[in-house]
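Per-entry structural report
Listed below are the residues making up each chain.
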Amino acid sequence: KQWYQRRVAITAGILSRGTDTIVEDFDESRSVLMANHGYCAQEMVNLLAAGYAASNVFNNTIDLGGKVLRGMKDPQQIGFLTLFEYYKNFEVGTGTLTLT
């Protein structure tokens, strides 16, 4: 029964945003929602938590010499914590750490 509930939640998230819009949310068109071994990619986590499939969790966008990386647009109602931030692998933006 649990697998069915997860599948319904994921399907509802995808259908509510629309596949074309989700692909536009990605930093790169070849990004995926489901990663290896059945894990949710960051895009899927953000789609379910925020309603759009941003590829990153930092605030707004970062321009890397013409390559624009998209993060979280607005403060969220659901927080995001990760061990990777502690190790300085990446930054979680205040919009995801400081809840509304």
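All of the points below concern the structure found in this document. (Residues numbered from 1 in each chain as written. Predicted model: local features only at pLDDT ≥ 70, side-chain atom pairs only at ≥ 80, totals over all residues. Heavy atoms only, no water.)

1. Examining the overall build of the protein chain
Selection criterion: The secondary structure listing takes helices from DSSP runs of H or I that are at least 4 residues long and strands from runs of E that are at least 2 residues long, numbered from the N terminus. Here, residues are in contact when the closest pair of their heavy atoms is within 4.5 Å. Working definition of accessibility: Shrake-Rupley area with a 1.4 Å probe, residue cover restricted to the visible protein chains.
When you go through the protein chain residue by residue, the secondary structure sums to 5 helices and 2 strands. Residue pairs in contact within the protein chain that sit at least 24 positions apart in sequence constitute 36% of those at least 6 positions apart. Total accessible area on the protein chain stands at roughly 7,100 Å², and carbon and sulfur atoms take up 56% of it.

2. What about the pairing of strand S1 (residues 61-64)?
Let me state the cut-off plainly: Each pair of strands is called paired provided DSSP finds at least two bridges between the two strands.
Note that S1 and strand S2 (residues 67-70) share 4 bridges and pair antiparallel. In the sheet register, Thr61 faces S2, and the bridge partner there is Arg70. The hairpin turn running from S1 into S2, its antiparallel successor, is 2 residues long, and Gly65 in that turn takes a positive phi close to 65°.

3. Some remarks on helix H1 (residues 2-17)
Think of an α-helix as turning once every 3.6 residues; residues three or four places apart then point the same way. To keep it simple, the criterion reads: Multiplying 1.5 Å by the helix residue count minus one yields the expected span of that helix.
The terminal C-alpha atoms of H1 lie 23 Å apart, and with 16 residues this matches the ideal 22 Å at 1.5 Å per residue to within 8%. Backbone geometry just downstream of H1 places Gly18 in the positive-phi region, at approximately 90°.

4. Brief notes about the packing of aromatic side chains
Basically, it comes down to this: Pairing of aromatic side chains here covers Phe, Tyr and the six-membered ring of Trp, requires ring centres within 6.5 Å, and sorts the geometry by plane angle: under 30 degrees stacked, over 60 edge-to-face, intermediate tilted. In this analysis the charged atom, NZ for Lys or CZ for Arg, is taken to sit over a ring once it is within 6 Å of the ring centre and within 35 degrees of the ring normal.
Applying the stated criterion across every chain, the model contains 0 aromatic pairs. A cation over an aromatic ring shows up here: Lys73 above the ring of Tyr52, its NZ or CZ 4.3 Å from the ring centre.

These figures capture arrangement, not role.
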